Amino acid sequence: MWITEDMLRHQARGCGILGAGGGGSPDIGLFAALYATQRYGEHELVNLDELPEDDLVLPIGMVGAPTVAVEKISNGNEAALIIERVEQLTDRRVAALMSSEIGGANGLFPAGFAAALSLPVVDADGMGRAFPEMPMVSMEVAGLNPSPCVMSDERGNVLTLHPNNGRWLEKLCRSTSVAFGGRAVSSEYLMSVTEAKYGAVRGTVSLAIRIGRAITDAMGDPVDALLDAVNGYRLLEGKVTDVDRRVTDGFTRGTATIDGLRGDSGSQLRLELQNENLVAVRDGVLVATVPDIITVVDSQSAEAVSTEVLRYGQRVTVIAFPCDPIWRSERGLALVSPRAFGYDVDYQTVEAIQDRKSTRLNSSHLVI
């Protein structure tokens, strides 16, 4: 289908929800996509089954700290520079773009690039949400090669890297993004359509559009409509009373504290952040962890509140809902379980936690 401006707005809302607080503010990606659509026309969203098996799919997204991206914006030409270099390296034509992560601004950036370059976007991404590190993608779980990686920035710099595994991809690209000023556009894990069919999380662009439409068209409480759309759980409704946020080594890290209001009065929820919301603890009880999706939304509008704009006094509701099944596999959890981020707790599904609500943590274990 062809993606209209209204659909982009729905998609932005959905990308914010799927971002788990990360991926950059969806408004940044939305403004870029709307500008490109108005200037160049609509782009096409395609199913992988519609493309020839050997066509080349280019995952693309921003790497760096989301807080930096609020002020250090794209010039819109980074993808063209990356594609030119990729086609030189592979001697193949790029047939379609794919979001590296559907969450946040990264879910929208391919739309703007695709409109400008007259390329389709595939209905898939590499995460089904947002994660802070580059190898935390379904392509890594599937055993695909991250090399070559091509990076560009708004100044026109282009760099080609050949990391031999996902760990080196993260080290090299993170340090490069810092050298670029804390933000860059990157493409890695180049795939054929055949590889994308088992290496990507499918249907996520259309999922984001459905989530956004559910919020927009809600007849009653939009938070209730959102929870219905994602099969989610309400963790706490309250007021943000403290945010400790800092940018270190290309990440936004910190904690946020939310004091309960209305039915949750007297309770307190703490979020642990690393670009995304990784762990939620309510009154000493673990209520959700990565890789399940923990999202903060405005209590009135159900609009996502990303980690870089979370601030004192906001009235918010914290929700959680299940991640894509790939992250609950053994290989997936090796990459993105709470222990992979330095938390001394085992992963439990949000469904199991909500059924029991009895797992108590020592706060001293919650250290990165």
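Conventions we followed
- Per chain, residues are indexed from 1 in the order of the written sequence.
- Note on the predicted model: pLDDT of at least 70 is required for a residue's local features to be given, and 80 or more for side-chain atom pairs to be given and counted; whole-chain, interface and lining totals, by contrast, use all residues.
- As a rule here, side-chain values come from all non-hydrogen atoms in the structure, and water together with hydrogens is ignored.
- Counting from the N terminus, the helices are DSSP H or I runs at least four residues long and the strands are E runs at least two residues long.
- We compute the radius of gyration from the C-alpha atoms alone; for a globule the expected value is 2.2 Å times N to the 0.38, where N is the number of residues.
- In this description, contact between two residues means that some pair of their heavy atoms is separated by no more than 4.5 Å.
- Surface accessibility follows the Shrake-Rupley procedure with a 1.4 Å probe radius. Residue values consider only the protein chains on display as shielding.
- Asp and Glu are treated as the negative residues and Lys and Arg as the positive ones, with His and the ends of the chain left uncounted.
- For the purpose of locating charges, the reference atoms are NZ of Lys, CZ of Arg, CG of Asp and CD of Glu.
- Think of it in three bands: with a 1.4 Å probe and only protein chains considered, a residue is buried below 20% of the maximum accessible area for its type, exposed above 50%, and partly exposed in between.
- What is meant by a nonpolar core is a set of buried Ala, Val, Leu, Ile, Met, Phe, Trp, Tyr and Cys residues, joined one to another through side-chain atoms within 4.5 Å.
- For two strands to be treated as a pair, DSSP must find at least two bridges joining them.
- By convention, a crossover is right-handed whenever its connection, traced from the first strand over the helix to the second and viewed with the strands pointing away, goes clockwise.
- Centres within 6.5 Å are what make two rings of Phe, Tyr or Trp a pair, Trp counting through its six-membered ring; a difference in plane orientation under 30 degrees is then read as stacked, over 60 as edge-to-face, and the rest as tilted.
- Between Lys or Arg on one side and Asp or Glu on the other, a salt bridge is scored when a side-chain nitrogen of the former is within 4 Å of a carboxyl oxygen of the latter.
- Helix axes are fitted only over the stretch in contact, all axes being lines through C-alpha atoms; the angle between N-to-C directions runs from 0 to 180 degrees.
- Note that the term roughly parallel is reserved for angles under 35 degrees, roughly antiparallel for angles over 145, roughly perpendicular for angles of 65 to 115, and oblique for everything else.
- Working rule for handedness: look at the near helix, and if it is turned counterclockwise from the far one by less than a right angle, call the crossing left-handed; if clockwise, right-handed.
- For this scheme, ten residues count as nonpolar: Ala, Val, Leu, Ile, Met, Phe, Trp, Tyr, Cys and Pro. Four count as charged, namely Asp, Glu, Lys and Arg, and the remainder, Gly too, count as polar.

1. What to know about the overall build of the protein chain
Part 1 of the argument: Summing up its helical and strand segments, the protein chain has twelve helices and 17 strands in all.
Part 2 of the argument: In terms of C-alpha radius of gyration, the protein chain reaches 19 Å, essentially the compact-globule figure of 21 Å for 368 residues.
Part 3 of the argument: Its C-alpha atoms give the protein chain principal-axis dimensions of roughly 60 × 45 × 35 Å.
Part 4 of the argument: Excluding contacts between residues fewer than 6 apart, the proportion of contacts in the protein chain whose partners are at least 24 apart in sequence is 73%.
Part 5 of the argument: Working note: accessible area of the protein chain is about 14,000 Å², and carbon and sulfur atoms make up 47% of it.
Part 6 of the argument: Of note, the protein chain has its 33 positive side-chain charges centred 5 Å away from the centre of its 48 negative side-chain charges.

2. Re unusual backbone geometry
Part 1 of the argument: The omega torsion of the bond from Ser147 to Pro148 falls at 0°, within 30 degrees of zero and hence cis.
Part 2 of the argument: With respect to the helices and strands, the residue Pro148 is situated in the loop between helix H6 (138-141) and strand S6 (149-152).
Part 3 of the argument: Phi is positive for Ser118, which is not a glycine, with a value near 55°.
Part 4 of the argument: What makes Ser118 exposed here is its relative accessible area of 67%.

3. Some points on the nonpolar core
Part 1 of the argument: Among the nonpolar cores identified, the biggest contains 49 residues, and Leu8, Leu58, Val86, Val94, Leu97 and Leu226 are the most heavily contacted of them.
Part 2 of the argument: It is helix H1 (residues 5-18) that provides the largest number of residues to this core, a total of six residues.
Part 3 of the argument: Among all residues touching Leu97, those that are not within four sequence positions of it are Leu58, Ile83, Pro110, Phe113, Ala114, Leu119, Pro120, Val121 and Val122.
Part 4 of the argument: Core analysis: the second largest hydrophobic core is formed by 44 residues, Leu161, Leu169, Cys173 and Val201 among them.

4. A look at the pairing of strand S5 (residues 121-125)
Part 1 of the argument: Most of S5 is tucked away: five of the five residues are buried.
Part 2 of the argument: One ladder, built from two bridges, connects strand S2 (residues 43-46) with S5; its direction is parallel. Across the sheet, Leu45 pairs through a bridge with Val121, a residue of S5.
Part 3 of the argument: Once the chain exits strand S4 (residues 94-99) it traverses helix H5 (residues 109-117) before rejoining the sheet at S5, and the crossover so formed is right-handed.
Part 4 of the argument: As paired strands, S5 and strand S10 (residues 201-202) are joined by two bridges and run antiparallel to one another. Its bridge partner being in S10, Asp125 is matched across the sheet by Val201.

5. Considering the pairing of strand S16 (residues 293-298)
Part 1 of the argument: With five of six residues buried, S16 is to be regarded as a mostly interior element.
Part 2 of the argument: Alignment of S16 against strand S17 (residues 315-321), held across six bridges, turns out to be antiparallel. Within the sheet, the bridge partner assigned to Asp298 lies in S17 and is Val316.

6. Let's talk about the packing of aromatic side chains
Part 1 of the argument: Using the criterion set out here, one finds two aromatic pairs in the structure.
Part 2 of the argument: Centroid distance Phe109 to Phe113: 6.3 Å. Interplanar angle 25°. Geometry classified as stacked. Taken as a pair, Phe109 and Phe113 lie in helix H5 at a separation of four residues, close to a single helical turn. Summarising the burial analysis for this pair, Phe109 and Phe113 share the class buried.
Part 3 of the argument: Between Phe131 and Trp327 the ring centres are 4.9 Å apart and the planes differ by 75°, which places this aromatic pair in the edge-to-face class.

7. Notes on the pattern of salt bridges
Where side chains of opposite charge bring their charged atoms close, a pairing between them can arise.
Part 1 of the argument: Applying the stated rule across the entire model yields 20 salt bridges.
Part 2 of the argument: The closest approach of N and O atoms between Asp346 and Arg339, which form a salt bridge, is 2.7 Å.
Part 3 of the argument: According to the relative accessible area criterion, Asp346 is partly exposed, its value standing at 49%.

8. A short note on H5
Part 1 of the argument: Of all nine residues that make up H5, seven are buried, and the element is covered over most of its length.
Part 2 of the argument: Among the residues making up H5, those that are buried are Phe109, Pro110, Ala111, Gly112, Phe113, Ala114 and Ala115.
Part 3 of the argument: Directly beyond the C-terminal end of H5, a positive phi value near 55° is found at Ser118.

9. Regarding the packing of H1 against helix H2 (residues 26-40)
Part 1 of the argument: Contact geometry for H1 and H2: axes closest at 9 Å, N-to-C directions at 165°. Comparing their axes, H2 and H1 come out roughly antiparallel. Of the two possible hands of crossing, H1 and H2 adopt the one that is right-handed. Residues Glu5, Leu8, Arg9, Ala12 and Gly16 of H1 form the contact with H2, whose own contacting residues are Pro26, Leu30, Ala33, Leu34, Thr37 and Gln38.
Part 2 of the argument: Class assignment for the residues of the contact of H1 with H2 results in six nonpolar, three polar and two charged.

10. Remarks on the side chain of Asp55
Part 1 of the argument: Along the chain, the position of Asp55 falls in the loop between S2 and strand S3 (56-64).
Part 2 of the argument: As a buried residue without a salt bridge, Asp55 has its nearest oppositely charged side chain in Arg93, at a separation of 5.1 Å.
Part 3 of the argument: Non-local contacts of Asp55, meaning those with residues more than four positions away in its chain, are made with Arg92, Ala95, Met191, Ser192 and Val193.

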